[in-house]
Amino acid sequence: MPEMCNLESYPPVFRQLNGAPQIAELKNPMEDTQDSAPIPLVDLQFLSQDKLGEACKDWGLFRLVNHGIPPSLLSQLQDHAKKLFSLCFESKQALLTSPMSYFWGTPALTPSGAALRGALNFNCLEGLNVPLYRLPQFQSEDHMLDCFRRLLEEYGRHLARIATTLFETMAKNLNLGPKQSKSKLAESTGFIRVYRYPSSSLSDEAWGMMAHTDSSVLSIVNQDQVGGLEIFKDNKWLLVNPIPNTIVVLIGDMMQAISDDEYISVEHRVRVKKQEERLSICYFVFPAEGSVIYSSKYKPFTYTDFQEQVQKDIKTLGYKVGLQRFKLNADTVN
């Protein structure tokens, strides 16, 4: 493994962040974010259909406890991720190759994992994209990378179990029949994103990730103790403080459409405001390829249709329009 370094571990553009005109600097003071949000708590071991449904309807996210992921696995994953990200930028580009992909400046990626340029704002992050079904293809003689691969595979199995259990309960809560729920969550589509956000000493007051909704059915977030995740609810931004041994589950755009807008895809962002780096490990899962979503609120569409439209909008408009593109009788978005 090449020697680890500090400032040189960041992409070159990150090293001149202060004063850079392309950075999406905060235009509002820190006070625009309110106190920490009283996020609903869901216990996977004693899963309550009613509590889960209320959290999805009212919040679009919840904290999950008794999820069955060993704390040692979570800590090992974070330790390995920190070591990888602290490598020199050039070393990461050389080491983190297909089927993994290394990216920075934007969370918007093409289906192949390359950064999608065209977004209006620069996001102060770098990341690693890991399609789980292709992970066994990744072979490396580097011991740490090989160990990281095995940890990701184990973590992916836990997350697939959790996502499937939650979705099955959500489908019951929504009274979805087998035909309606079949193929709407496919383990083979799952991928992991590992994000590193620079300390505020590098980025001043820039966004780690701009406000957005996830395109997934479900997203599962394991954030470190630095914090910075915020959600938009009741016309204000609320902090989602990290709590040890819990993970945060967010409803994505696909789940909102599947539920006929009964569940909400929560808008969220990441603010870089600490004097230390932030690390998060996120899992996203989608409907099976070719699975058509039928809804009384939306035109029939597949996730591929949705993904292609999002990519087109980012390239042409600079931002994601999302579900509004597929709304029945929706106003035209320019």
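Residues numbered from 1 in each chain as written. Predicted model: local features only at pLDDT ≥ 70, side-chain atom pairs only at ≥ 80, totals over all residues. Heavy atoms only, no water.

1. Details of unusual backbone geometry
Of note, the bond from serine 98 into proline 99 is cis; its omega dihedral lies within 30 degrees of zero at 10°. Despite not being glycine, asparagine 66 has its phi angle at roughly 50°, a positive value. A relative accessible area of 42% places asparagine 66 in the partly exposed class. The phi torsion at asparagine 175 lies on the positive side, around 60°, for a residue other than glycine. Relative to the assigned elements, asparagine 175 resides in the loop between α4 (143–173) and α5 (178–181). (Buried < 20%, exposed > 50% of the residue type's maximum accessible area, 1.4 Å probe, protein only. Helix = DSSP H or I, 4+ residues; strand = E, 2+ residues; numbered from the N terminus.)

2. A closer look at the nonpolar core
Within the largest apolar cluster, 94 residues are counted, with the highest numbers of intra-cluster contacts made by Phe62, Leu166, Met170 and Leu218. The element best represented in this core is α4, accounting for 15 residues. Residues contacting leucine 218, with those up to four places away along its chain left out, are Ala163, Leu166, Phe167, Met170, Leu185, Val249, Leu250, Ile251, Tyr283, Phe284 and Val285. (Core = buried A, V, L, I, M, F, W, Y, C linked by side-chain atoms within 4.5 Å. Contact = heavy atoms within 4.5 Å.)

3. What about the sheet that holds strand β5 (residues 126–131)?
Taken together, the 8 strands give an open sheet; going across it, the order is β2-β3-β11-β8-β13-β6-β5-β4, and neighbouring strands pair in mixed fashion. Edge positions in the open sheet fall to β2 (41–43) and β4 (101–104), since each of these has one partner strand only. Neighbouring strand axes in the sheet, compared pairwise and without regard to direction, differ in orientation by 25° on average. In the sheet, β2 pairs with strand β3 (residues 61–65) via 3 bridges, with the strands oriented parallel. Along β3, the bridge assignment pairs valine 42 with leucine 64. Where helix α2 (residues 71–85) meets the sheet, its contacts fall on β4, β5, β6 (186–197), β8 (218–223) and β13 (278–286), and the angle it forms with β13 comes to roughly 110°. (Pairing = 2+ DSSP bridges. Axes fitted to C-alpha atoms, helices over the stretch in contact; angles between N-to-C directions.)

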